[in-house]
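# Observations on chain architecture
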Amino acid sequence: PLAPRALYRFNRDWSRPQPLFPLTPSGYYAGVSYSAASGTFWMSRNDAGVALIEQWSRDGRLVSVPVRAVPPLTGLAVDDRDGTIWAMRQLPSGNILRLENYDRSGRRLGLYELTTSMPFLDAGGAEFAWPGRR
C-alpha cells in the first residue's frame, strides 16, 4: 500500500513510487486526470455521503472543489479541447456506466449512459484518445 495518502509519480514501468504532494486525509480518492491547459490535476474523492471533484495545483495546493454530487464518482477525464471534465459513475444495476460532463465551475452539462452485459467493476480510469495525437 502507498502511504501516506498523496498523489504519486511512478516510472513508466510503475516502479519507484514518489509522493508529489499530500491529499485530504478523509474519504477515498478514485480518479485522477491532468489538464495541460490549466496545468492542474483533477481528482474525484468520495467522503461522508458526498462525491467531490477537486482541482489541485502542481505544487499541492487545493485550488477549488467545483463539484459536489451524490457518490460515488470514480474515473475522471479532462477534455482540454473544451475544458470540460468527465466523471464516471457505476449505477446500482451493475451494467450501466454513467458519464457525467461538467464545466470547470462545476455546472453539469449533461450525461451519457453506457450499457454492457459485463459490469465495469468500479471503473477507475478514463482518458481521451485524440486521432493523430500521441
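The model shown is predicted, which means the values in this text are computed figures rather than measured ones.

What counts as what
Residues numbered from 1 in each chain as written. Predicted model: local features only at pLDDT ≥ 70, side-chain atom pairs only at ≥ 80, totals over all residues. Heavy atoms only, no water. Pairing = 2+ DSSP bridges. Helix = DSSP H or I, 4+ residues; strand = E, 2+ residues; numbered from the N terminus. Axes fitted to C-alpha atoms, helices over the stretch in contact; angles between N-to-C directions. Core = buried A, V, L, I, M, F, W, Y, C linked by side-chain atoms within 4.5 Å. Buried < 20%, exposed > 50% of the residue type's maximum accessible area, 1.4 Å probe, protein only. Contact = heavy atoms within 4.5 Å. pLDDT = per-residue confidence, 0-100. Salt bridge = Lys/Arg side-chain N within 4 Å of Asp/Glu carboxyl O.

As a further point, take the sheet that holds strand S3 (residues 28-35). As a general point, the strands of a sheet are linked pairwise by backbone hydrogen bonds and lie either parallel or antiparallel. Taken in spatial order, the four strands line up as S3-S4-S5-S6 in an open sheet, and their pairing is antiparallel. Each edge of the open sheet carries a strand with a single partner, namely S3 and strand S6 (62-69). For this sheet, the mean angle separating the axes of adjacent strands, direction not counted, is 20°.

Moving on to the nonpolar core. Core analysis: the biggest nonpolar cluster contains 11 residues, these being Trp42, Ala51, Ile53, Val67, Ala69, Leu73, Leu76, Val78, Ile85, Ala87 and Tyr102. For this core, the secondary-structure elements that each account for two or more residues are strand S5 (50-57), S6, strand S7 (76-79) and strand S8 (84-90). When neighbours within four sequence positions are excluded, Ala87 is seen to be in contact with Ile53, Leu73, Gly75, Leu76, Arg98, Leu99, Glu100 and Tyr102.

Let's shift gears to the confidence of the model for the protein. When the pLDDT values of the protein are averaged, the result is 86; 84% of them are 70 or greater. Ranking the helices and strands of the protein by mean pLDDT puts S5 first, with 96, and strand S9 (residues 96-102) last, with 89.

Within the structure shown, the criterion is met by eight salt bridges. The salt bridge partner of Asp80 is Arg104, with a shortest N-O separation of 3.5 Å. Within this pair, whereas Asp80 is found in the loop between S7 and S8, its partner Arg104 is found in the loop between S9 and strand S10 (108-115), the two being separated by 24 residues in sequence. Note that Arg98 and Glu113 form a salt bridge whose closest N and O atoms lie 2.6 Å from each other. One end of the pair, Arg98, is in strand S9; the other, Glu113, is in strand S10, with 15 residues separating them in the sequence. Each member of the salt-bridge network shares a partner with another, and the members are Arg89, Arg98, Glu100, Arg108 and Glu113.

Of all seven residues that make up S9, seven are buried, and the element is covered over most of its length. Alternating positions in S9 separate into two faces, Ile96, Arg98, Glu100 and Tyr102 on one and Leu97, Leu99 and Asn101 on the other, with burial throughout. Across six bridges, S8 lies against S9 in antiparallel orientation. Within S9, the position partnered with Gln90 by the bridge is Leu97. By the bridge criterion, seven bridges tie S9 to S10 in an arrangement that is antiparallel. Note on S10: the bridge partner recorded for Ile96 is Thr115. Where S9 folds back on S10, the antiparallel hairpin that results is connected by five residues, among which Gly106 adopts a positive phi of roughly 100°.

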